Amino acid sequence: MIASPDRTPLPREFFDRPVLEVAPDLLGRILVRGTPDGPIALRLTEVEAYDGPNDPGSHAYRGRTPRNDVMFGPPGHVYVYFTYGMWHCMNLVCGPEGRASAVLLRAGEVIEGVEWARKRRLSARNDNELAKGPARLATALGVDRALDGTDACAAGDIPLRMLTGTPVPPDQVRNGPRTGVAGEGGNGDVHPWRYWIADDPTVSPYRAHAPRRRRS
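These numbers come from a predicted model, not from an experiment. Sequence order sets the numbering: in each chain, residues are counted from 1 along the sequence as written. Side-chain atom pairs in this predicted model are given and counted only at pLDDT of 80 or more, local residue features only at pLDDT of at least 70, and totals for whole chains, interfaces and linings cover all residues. Just so you know, side-chain values use all the structure's heavy atoms and leave hydrogens and water out.

## Structural notes on the overall build of the protein
And then number 1: Put simply, DSSP marks the helices as runs of H or I at least four residues long and the strands as runs of E at least two long, and each gets a number from the N terminus on. Looking only at helices and strands, one finds four helices and nine strands in the protein.
And then number 2: Listing every helix and strand of the protein by position from the N terminus yields β-α-α-β-β-β-β-β-α-α-β-β-β.
And then number 3: Counting only contacts in the protein whose residues sit at least 6 apart along the sequence, the fraction spanning at least 24 positions is 62%.
And then number 4: Here, Shrake-Rupley sampling with a 1.4 Å probe gives the accessible areas, and only protein chains in the shown set may cover a residue. Counting every atom, the protein has about 10700 Å² of accessible surface; 51% of that belongs to carbon and sulfur.
And then number 5: Here the protein carries 28 positive and 26 negative side-chain charges, and the mean point of each set is 8 Å from the other. Contacts are assigned to residue pairs with any non-hydrogen atoms lying within 4.5 Å of each other. Counting rule applied: Lys, Arg positive; Asp, Glu negative; His and chain ends not counted. To locate a charge, take NZ of a lysine, CZ of an arginine, CG of an aspartate or CD of a glutamate.

## Some thoughts on the packing of aromatic side chains
Each aromatic ring pair is characterised by the separation of its centres together with the angle its planes make.
And then number 1: Classification of ring pairs rests on two measures: the distance between centres of Phe, Tyr or Trp rings, Trp counted by its six-membered ring, which must be within 6.5 Å, and the angle between planes, read as stacked under 30 degrees, edge-to-face over 60 and tilted in between. Applying the stated criterion across every chain, the model contains two aromatic pairs.
And then number 2: Ring geometry for Phe14 against Phe15: centres 5.0 Å apart, planes inclined by 80°, an arrangement best described as edge-to-face. The residues Phe14 and Phe15 share a single accessibility class, namely buried.
And then number 3: Ring plane angle 40° and centroid distance 5.7 Å describe the contact between Tyr79 and Tyr81, whose orientation is recorded as tilted. Considered together, Tyr79 and Tyr81 belong to a single accessibility category, that of buried residues.
And then number 4: Charge over a ring is defined by NZ of Lys or CZ of Arg lying within 6 Å of the ring centre and within 35 degrees of the ring normal. Cation over ring: Arg17 sits above Phe14, and NZ or CZ is 4.6 Å from the ring centre.
And then number 5: The aromatic ring of Trp196 is capped on one face by Arg194, whose charged end is 4.3 Å from the ring centroid. Only protein chains enter the calculation, and the probe is 1.4 Å; a residue is then buried if its accessible area is under 20% of its type maximum, exposed if over 50%, and partly exposed in between.

## Observations regarding the pattern of salt bridges
And then number 1: What counts as a salt bridge is simple: a side-chain nitrogen of Lys or Arg found within 4 Å of a carboxyl oxygen of Asp or Glu. Scanning all chains against the criterion turns up 18 salt bridges.
And then number 2: With a closest N to O distance of 2.5 Å, Glu112 and Arg7 form a salt bridge. Taken as a pair, Glu112 in strand β6 (residues 101-112) and Arg7 in strand β1 (residues 6-9) lie far apart in primary sequence, 105 residues in all.
And then number 3: With a shortest N-O distance of 2.6 Å, Glu46 and Arg194 are connected by a salt bridge. One end of the pair, Glu46, is in strand β3 (residues 40-50); the other, Arg194, is in strand β9 (residues 194-197), and 148 residues separate them in sequence.
And then number 4: When salt bridges with common partners are traced through the structure, they connect Glu46, Glu48, Arg106 and Arg194 into a single cluster.

## Some details on a nonpolar patch on the surface
And then number 1: A contiguous nonpolar surface patch, about 410 Å² in accessible area, is contributed by Tyr84, Met86 and Trp87.
And then number 2: Along the chain, Tyr84 turns up in the loop between β4 (78-83) and β5 (87-94). For patches, a residue must show more than 30% relative accessible area and have no salt bridge; joins then use 9 Å for like charges and 5 Å for nonpolar side chains, namely Val, Leu, Ile, Met, Phe, Trp and Tyr.

## Looking at the side chain of Ser101
And then number 1: Here Ser101 lies in strand β6.
And then number 2: Side-chain atoms alone can form a polar contact between residues adjacent in sequence; in general such a contact is a pair of N or O atoms within 3.5 Å, and within protein one must be able to donate a hydrogen while the other accepts it. Within the local environment of Ser101, its side chain forms a polar contact with the backbone oxygen of Cys94, the two atoms lying 2.8 Å apart.
And then number 3: When sequence neighbours within four positions are dropped, the list of residues in contact with Ser101 reads Val19, Tyr50, Asp51, Gly52, Met71, Val93, Cys94 and Gly95.

Shown next as structure tokens:
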């Protein structure tokens, strides 16, 4: 566990940069979720970058829709989507307004409010699994579509806020293809835009894209 991390809120300027700069720089930062029970603090250990119109894996690749509207900015806002009819996933919007890039929060270590996260993740076998994967992370923090569009850089009492934390040294950052994302021709992802902290036990396992089989 990281001792005495910097609790200064991250400014909007942090997110107003290219997504491939923001994504690895989020590792080690702290996300605080205010809940009725009490705050839950999470140290980010794994993220994925999605680069809007340049990225077939992005929800914004084909343009603006009611679902992905938040991705188009301004930076520092939260984009939450619902997937597989049962799970929520959380992203942080970055880059210049109108660019539609975002960073998916894939995994993290719960460093405060563990008891409140456990209440939401009863199936976790240990605390390392509380937020090990994007849907588990959202579940542990109680994040759903009601928080879509939340400004994580706003002042005052807000439900989600990013803090400076303890940035990870570059030699401890690893990167590779994104989990379950198809590349050209339906094969594996061609972009090494998944970033994680080396040897951290909360990082989720990598799974390559599995093409759907056509019914005969």
